[in-house]
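Results of the structural survey
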Protein chains: 2
Amino acid sequence: MDSFKVIEIKKRVFEDNDRQAALLRTEMRKEQTFLLNLMSSPGSGKTTTVLRTIEALKDEMEIGVLEADIDSAVDAAAVAKTGIKVIQLHTGGMCHLNAVMAKQGLLALGTADLDFVILENVGNLVCPAGFDTGAAKNAMILSVPEGDDKPLKYPAMFALVDLLLINKIDALDYFSFDLAAVQQRAKKLNPQLKIIPISAKTGEGIAEWTDWLRSEVTNWNKK
Amino acid sequence: MDSFKVIEIKKRVFEDNDRQAALLRTEMRKEQTFLLNLMSSPGSGKTTTVLRTIEALKDEMEIGVLEADIDSAVDAAAVAKTGIKVIQLHTGGMCHLNAVMAKQGLLALGTADLDFVILENVGNLVCPAGFDTGAAKNAMILSVPEGDDKPLKYPAMFALVDLLLINKIDALDYFSFDLAAVQQRAKKLNPQLKIIPISAKTGEGIAEWTDWLRSEVTNWNKK
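Residues numbered from 1 in each chain as written. Chains lettered and ligands numbered in written order. Predicted model: local features only at pLDDT ≥ 70, side-chain atom pairs only at ≥ 80, totals over all residues. Heavy atoms only, no water.

1. Observations concerning the confidence of the model for chain A
All names here are of chain A. Residues at a pLDDT of 70 or more form 92% of chain A, whose mean pLDDT is 90. Throughout residues 9-15 the model reports pLDDT below 50, and contacts reaching past four residues in sequence, or to other chains, amount to 20 contacts. Across the predicted assembly, pTM comes out at 0.84 and ipTM at 0.75. (pLDDT = per-residue confidence, 0-100. Contact = heavy atoms within 4.5 Å.)

Here's what the structure looks like:
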């Protein structure tokens, strides 16, 4: 018996935006544009991973990026330097994007000529899990310094994504992080989950990630 | 001129719970219990810092802990091992605590005999910034692996806290993190902000942190 009480504070803040998300998905399918929703904690390396991805794929497909943040445009500025189309979305205090916001961003970006759009969601492991953005696929990044207990604390996020990148594996020796345990915890929540350990810093694992993306973009756009 | 557009999606999700928070603060003042609201990203080291704090202060004051998470009780289990009173709060999908939830937790914990309660908020740099919990003081942790750009991206959080702990400074050599730049960025948002670099792992800086706490608890409880 545990020596402390657990109190459940039941209240849902998630509104249903499933209809708009399904509509957006259908439109993106018609336009042959693959939309990837990329989620993580603040500071897990989303933008560095996006930059690596652009570098690896920009010669073979037309890529666009939507950067979402509460404030600042540092991520969009970093992506803009690569020469690809990017829009910075400011959420005005909201901790996630919904399908209506994603659509606003896609309209502003102009997707007719794009094969692949990366939507970098607000840095957060909670709110984005409640809102379908209309993306074709959902991916998340967990970084080694965040700890291997994160699937236990944020199960909804790990349960919904198609792919998990475990980033900053170059720092595995420095932190107490059980890679096998985190994979097991994530798979228990999501048996179909694909997991790829990477280092956006050194480039390790990036080829496996871009292979997955290439295959998903191709399948989506030819349907 | 920037080479990308910025779109403002204006919509506020924050409800006003200021009245309940002010009420709770008055009650805690009468009870001579100092409530600290501790916020950060997932994986910044909140619980390790809480454990260090308990170790340093438990012989000189009565401490209680409220652990808030979406799911799991791993943090409460870790704190319970120290022998102090702890409650695990499950928010049912909500990404922050408000004053009503904090009060529920404090009632369940029983604060009449406590000098100091640490409220470990949900791991999140966005939502908790919008909701006054009724705490006497607010503190946040930013950890080195998260990056020195966080004050630019999450200004509301940095602007509202009384104290910023910069954790995992033992890893400064490993990550590209400009300690002076992050201090300058945080101070620009919040000129009165007290900043203490720490390593919850090695114990560096913990004495300065517990000195601050000791002084705040004493001042609050004698008023």
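2. A word on helix H7 (residues 179-189) of chain B
Residue and element names in this part refer to chain B. Of the residues making up H7, those classed as buried are Ala181, Val182 and Ala186. Buried residues in H7, looked at end-on, bunch into an arc of 130°, giving them a common side. Opposite the packed face of H7, turned more than 90 degrees from it, sit the exposed residues Ala180, Gln184 and Lys188. Looking at the buried side of H7, the elements it contacts are strand E6 (137-143), helix H5 (150-153), helix H6 (155-160), strand E7 (163-167) and strand E8 (194-197). A distance of 3.2 Å separates the backbone nitrogen of Ala180 from a side-chain oxygen at the start of H7, and that oxygen is part of Asp178. (Buried < 20%, exposed > 50% of the residue type's maximum accessible area, 1.4 Å probe, protein only. Helix = DSSP H or I, 4+ residues; strand = E, 2+ residues; numbered from the N terminus. Arc of directions from axis to C-beta. Polar contact = N/O pair within 3.5 Å; in protein donor to acceptor, adjacent residues only side chain to side chain.)

3. Brief notes about the nonpolar core
Of all hydrophobic cores here, the largest spans 83 residues; its most connected members are A:Leu66, A:Leu164, A:Ile166, B:Leu66, B:Leu164 and B:Ile166. A:Leu66 has contacts with A:Ile87, A:Leu89, A:Ala102, A:Gly105, A:Leu106, A:Leu109, A:Val117, A:Ile118, A:Leu119 and A:Glu120, leaving out every residue within four places of it along the chain. (Core = buried A, V, L, I, M, F, W, Y, C linked by side-chain atoms within 4.5 Å.)

4. Remarks on the pairing of strand E5 (residues 116-120) of chain B
Within E5(B), five of the five residues are buried, leaving the element largely enclosed by the surrounding structure. Every second residue of E5(B) is oriented toward a common face, with B:Phe116, B:Ile118 and B:Glu120 on one face and B:Val117 and B:Leu119 on the other, all of them buried.

5. Quick look at the state of the cysteines
Residues and elements named next belong to chain A. Evaluated as defined, the whole model comprises two disulfides over all chains. One disulfide bridge connects Cys95 with Cys127, the sulfur atoms lying 2.2 Å from each other. As the torsion about the S-S bond is roughly -105°, the Cys95-Cys127 disulfide counts as left-handed. Here Cys95, found in the loop between strand E4 (85-90) and helix H4 (99-109), pairs with Cys127, found in the loop between strand E5 (116-120) and strand E6 (137-143); they are 32 residues apart in sequence, far enough to count as distant. (Disulfide = S-S within 2.5 Å.)

6. Notes on the environment of B:Val217
Residues and elements named next belong to chain B. Relative to the assigned elements, Val217 resides in helix H8 (residues 206-222). Classification of Val217 by relative accessible area gives buried; the value is 4%. On a C-alpha basis, the gap between Val217 and Ile84 in space is 17 Å, while along the polypeptide they are 133 residues apart. Among residues more than four places away in sequence, those in contact with Val217 are Phe34, Met61, Asp115 and Phe116.

7. A look at the pairing of strand E2 (residues 34-40) of chain A
Residues and elements named next belong to chain A. Among the seven residues in E2, seven count as buried, and that is most of the element. Burial along E2 is two-sided: the face carrying Phe34, Leu36, Leu38 and Ser40 and the face carrying Leu35, Asn37 and Met39 are both buried. Direction of pairing for E2 relative to E5: parallel, over a ladder of five bridges. If you follow Leu38 over to E5, its bridge partner there is Glu120. Judged from the five bridges that link them, E2 and E6 form a sheet pairing that is parallel. In the strand pairing of E6, Ser40 is matched with Ile141. (Pairing = 2+ DSSP bridges.)

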